Structures are given as C-alpha cells and as structure tokens.
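What follows is each chain in one-letter form.
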Amino acid sequence: MMIQKADIFALAVSPAQYPGGGRPEIALSGRSNVGKSSLINAFLQRKNLARTSSTPGKTRTINFYEINETWFFVDLPGYGYAKTSKEERASWGKFIETYLTGRRELAGVILLIDLRHPPMESDKTMAEWLLHYQFPILVAGTKADKLSRGQWSRQISQIRKGLALPAQTPVIAFSAVTGLGKEELGLWLEERLAAGNAPGARGAE
C-alpha cells in the first residue's frame, strides 16, 4: 500500500465531531501502552504523526488520521489502565462503544495485543465484543522485535487460543522498530478498504 499523504484530521469525543464525507475508516483498539501510536507511525512512515506517550491512559479522544485523502485510521483510547478511575473508564468505554456500534464508515478493526504476553481479561473482553458484533478484525501482536523469531509462532498461537478467535481471523507479528508485519497489514487494509462499508461487509470474513 502506497502512503502519499497522512495528517491528523480530527480529535473527537462525540459523534458530532466525527469527519463527514462517508470515507471508510479502520479503527485501532488495544490496551494502554500496547503500541497503537507506534504502529500508526511505522505503517505511515511518519515519526511523530501519532504522539506516543510514556504515560499510559493519556489519550482521551478518538483520533482520526486522514490517509491519502481517501480513508482514515481511527485511534481509539487505550483500555485497561488500572490508575484510571472507574468512572473515567466507564465514560471512555461508552463513547468508544458509541463509535464502534454506530459508525457506518467503519470497515474493520485492528486489535493490538502485546506479543510477549498472553491476552489479559480486558483483551479477551474486547475480542469477544468485536466478534459478537461481527466486525472484520485483524489482531496485531506488537513489540515482536523484543522476542526471538522462534517465539513468534508460539506466541501467536497463544493469542489465538486466548482470544478464542475463528480460524479465518488473521493474527500477525508486528514490530514498529523493524517493520515486521507491515506487508501483511497493508494487504489486509487494502482488502477491507475495498469492501468499505458496503452492505454485508461486516461478518463477510
């Protein structure tokens, strides 16, 4: 996939702030500090487009990145950060759910899991929720560069089993440092963007 242009387009906390125009969107979901911003920057070949933070739970908006003026990466706030209050987590969860369930432009979801560890309960809950609503998803096992090549397959199998994923759901090892997984991610994105938000796009996998 050729990336010619990429810019931050909107920061939203309500549907009134979402972009108009009906262009397809790919959402990114994962625990705080799992590497969503790093994946965005690495895939788009932009060092600081998506701001990375050493403070988990800092992102509190839905961030829309316009790509090639034709589609959007949508970075959702990270979940599972223990130091965030229950009330704040509930508030974030509510507006994330509002986006995921009500956004017709949504063409697919990338679920990020730290490849080094088994999925946590919050990861399992998110995966179960996405599968229940029949979102086309790709699971990216991040920080693969911190493991040896020989460990990737075992960890991917652990993630697939832990999340109870259907056989057709792709799981890839990804590294923002080495570029591992960029090609597989690009191919999946091309497929999902081609399907767009056409009737039957969800659950078509």
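You'll find the structure just up there.
Owing to the predicted nature of the structure, the values given are computational and were not obtained by experimental measurement. (Residues numbered from 1 in each chain as written. Predicted model: local features only at pLDDT ≥ 70, side-chain atom pairs only at ≥ 80, totals over all residues. Heavy atoms only, no water.)

### Structural notes on the pattern of salt bridges
Next up, step 1: Under the counting rule described, the total for this entry stands at 7 salt bridges.
Next up, step 2: Arg 103 is the salt-bridge partner of Glu 25, the closest N and O atoms lying 2.7 Å from each other. With Glu 25 in strand 2 (residues 25–30) and Arg 103 in the loop between helix 2 (86–102) and strand 5 (106–114), the pair connects residues that are 78 residues apart, well separated along the chain. Across this residue pair, the class does not change: Glu 25 and Arg 103 are buried.
Next up, step 3: One salt bridge in this structure joins Arg 116 and Asp 114, with 2.8 Å as the shortest N-O distance.
Next up, step 4: Using a relative accessible area of 30% as the deciding quantity, one classes Arg 116 as partly exposed. (Salt bridge = Lys/Arg side-chain N within 4 Å of Asp/Glu carboxyl O. Helix = DSSP H or I, 4+ residues; strand = E, 2+ residues; numbered from the N terminus. Buried < 20%, exposed > 50% of the residue type's maximum accessible area, 1.4 Å probe, protein only.)

### Structural notes on the nonpolar core
Next up, step 1: One finds Phe 64, Tyr 99 and Leu 100 to be the most contacted residues of the largest nonpolar core, which totals 34 residues.
Next up, step 2: Among residues more than four places away in sequence, those in contact with Phe 64 are Asp 7, Ile 8, Phe 9, Ala 10, Ala 12, Tyr 18, Pro 19, Glu 25, Phe 72, Phe 73, Val 74 and Tyr 99. (Core = buried A, V, L, I, M, F, W, Y, C linked by side-chain atoms within 4.5 Å. Contact = heavy atoms within 4.5 Å.)

### Some details on the packing of helix 1 (residues 36–44) against helix 5 (residues 182–195)
Helix packing for two helices is described by the angle between their axes and how far apart those axes are.
Next up, step 1: Axis separation between helix 1 and helix 5 bottoms out at 11 Å; the angle between their running directions is 85°. Comparing the axis directions of helix 1 and helix 5 gives the class roughly perpendicular. Residues Leu 39, Ala 42 and Phe 43 of helix 1 form the contact with helix 5, whose participating residues are Lys 182, Leu 185, Gly 186 and Leu 189. (Axes fitted to C-alpha atoms, helices over the stretch in contact; angles between N-to-C directions. Parallel < 35°, antiparallel > 145°, perpendicular 65-115°, else oblique.)

### With respect to helix 4 (residues 149–162)
Next up, step 1: Here helix 4 is 14 residues long and its end C-alpha atoms lie 21 Å apart, about the 20 Å a rise of 1.5 Å per residue gives.
Next up, step 2: Buried residues of helix 4: Trp 152, Gln 155, Ile 156 and Ile 159, and no others. Each buried residue of helix 4 sits inside an arc of 110° when the element is viewed along its axis, so together they form one side. The outward face of helix 4, more than 90 degrees from its buried face, is lined by the exposed residues Gly 150, Ser 153, Arg 154 and Lys 161.
Next up, step 3: Count one or two residues on from helix 4 and you reach Ala 164, which has phi positive near 55°. (Expected span 1.5 Å × (residues − 1). Arc of directions from axis to C-beta.)

### Thoughts on the environment of Ile 159
Next up, step 1: Here Ile 159 lies in helix 4.
Next up, step 2: Overall, Ile 159 belongs to the buried group, its relative accessible area being 0%.
Next up, step 3: In the structure, Ile 159 is positioned 35 residues away from Lys 124 in sequence and 9.6 Å away in space, judged by C-alpha atoms.
Next up, step 4: If we skip the residues at most four places from it in the chain, Ile 159 touches Ile 113, Leu 115, Pro 119, Val 139, Gly 141 and Val 171.

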